[in-house]
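# Summary of the model geometry
Here is how the chains run, residue by residue.
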Amino acid sequence: MERNNYIPETGCKKERRTKIEHEKKERKDCELVLSLMRTGVERRFFLQGREPTCPVRGLALGQAGKIWKEVAHPDLLNRHRDLAWQVAHGVLPVRAVMHRRGMSRIAVCPRDGCGYEEPVRHLLWDCEAAQALWKEVCPLLQHLYLHPGITLDCQLVLYGTKGKIKANAWTQAWQVVNCTKEALWKARCLLVLEDKLLKKEQMKRVAWAAVKEYMFRDGRRKGQEVARSRTPIMMGQQVRSEGSCLKTRPALHESIVSNFIGIAFKMYVK
């Protein structure tokens, strides 16, 4: 009688074999997608299976596509994209949203003397605290980026409907708008969670801190671009700037000239 020499697989060997089979399957799928892309079938397939654009409350369906592009604007910080996404979907966890989902007992604005329901629009636009902050931000935006005839409205603040504003001016204006919305949201969270009331000047400082992040980030980007176009000697000449980030001397000069928003915003904060 022959002996059975079969040795059962251990857990590690079985997991390793499963992983190898999974990698082979992924490789075959990638090769299939690449072949379809070469033949042009992939484009037709994905266009037919694409999900419909999610509508935005209060806007026409044709405007929704532009709104989602502004929500995912490549020049926004990640946390500002998240905030813009929550605002566009109307799911920012304010009291009205939480009350509708059974997670809050009341839906009234937490600010003393307000008494109105607190949906997303109330927090970022209709509330007296929001209006007081936007009244000071609006002249600054008009002076730096927007045409004097263009005024801030609810749809521009909430969803980024830029209208006829030029692309270059709109990018920086949209950044400042999101910094201001973040300041309003942080002030509201501090009021609800820690019972700390931020005044208008304090909210402006919070917005200014976020604007400085954009300034330092853009300065680093320009420094890298200029460094690539310079000789190795120029690339080696580095100085440490205010943001504790290394920049080349020509890039530092360009960032100071191009980011004159810093000077205006400092005057605005004071």
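All of the points below concern the structure found in this document.

### Quick word on the overall build of the protein
The helix and strand inventory of the protein stands at 13 helices and 2 strands. In the protein, buried positions account for 37% of the 270 residues. Within the protein, counting contacts between residues at least 6 apart in sequence, those at least 24 apart form 55% of the total. As displayed, the protein has an accessible area near 18,200 Å², and 55% of this comes from carbon and sulfur atoms.

### Overview of the packing of helix H7 (residues 128-144) against helix H9 (residues 167-194)
Following both chains from N to C, one finds H7 and H9 inclined at 160 degrees, their axes separated by 11 Å at the closest point. On the basis of the axis angle, H7 is roughly antiparallel to H9. Classified by chirality, the crossing of H9 by H7 is right-handed. Of H9, the residues touching H7 (which contributes Ala 129, Ala 130, Leu 133, Trp 134, Val 137 and Leu 141) are Ala 173, Val 176, Val 177, Thr 180, Lys 181 and Leu 184.

### Description of H9
Because each turn of an α-helix spans 3.6 residues, side chains separated by three or four positions end up pointing in the same direction. For H9, with 28 residues, the first-to-last C-alpha span of 40 Å sits near the 40 Å given by 1.5 Å per residue. Counted residue by residue, H9 has 20 buried out of 28 residues, so it is predominantly covered. Directly beyond the C-terminal end of H9, a positive phi value near 60 degrees is found at Asp 195.

Conventions and cut-offs
- Residues numbered from 1 in each chain as written.
- Predicted model: local features only at pLDDT ≥ 70, side-chain atom pairs only at ≥ 80, totals over all residues.
- Heavy atoms only, no water.
- Helix = DSSP H or I, 4+ residues; strand = E, 2+ residues; numbered from the N terminus.
- Buried < 20%, exposed > 50% of the residue type's maximum accessible area, 1.4 Å probe, protein only.
- Contact = heavy atoms within 4.5 Å.
- Areas by Shrake-Rupley, 256 points an atom, 1.4 Å probe, with all protein chains shown as cover.
- Axes fitted to C-alpha atoms, helices over the stretch in contact; angles between N-to-C directions.
- Parallel < 35°, antiparallel > 145°, perpendicular 65-115°, else oblique.
- Left-handed = near helix turned anticlockwise from the far one by under 90°.
- Expected span 1.5 Å × (residues − 1).

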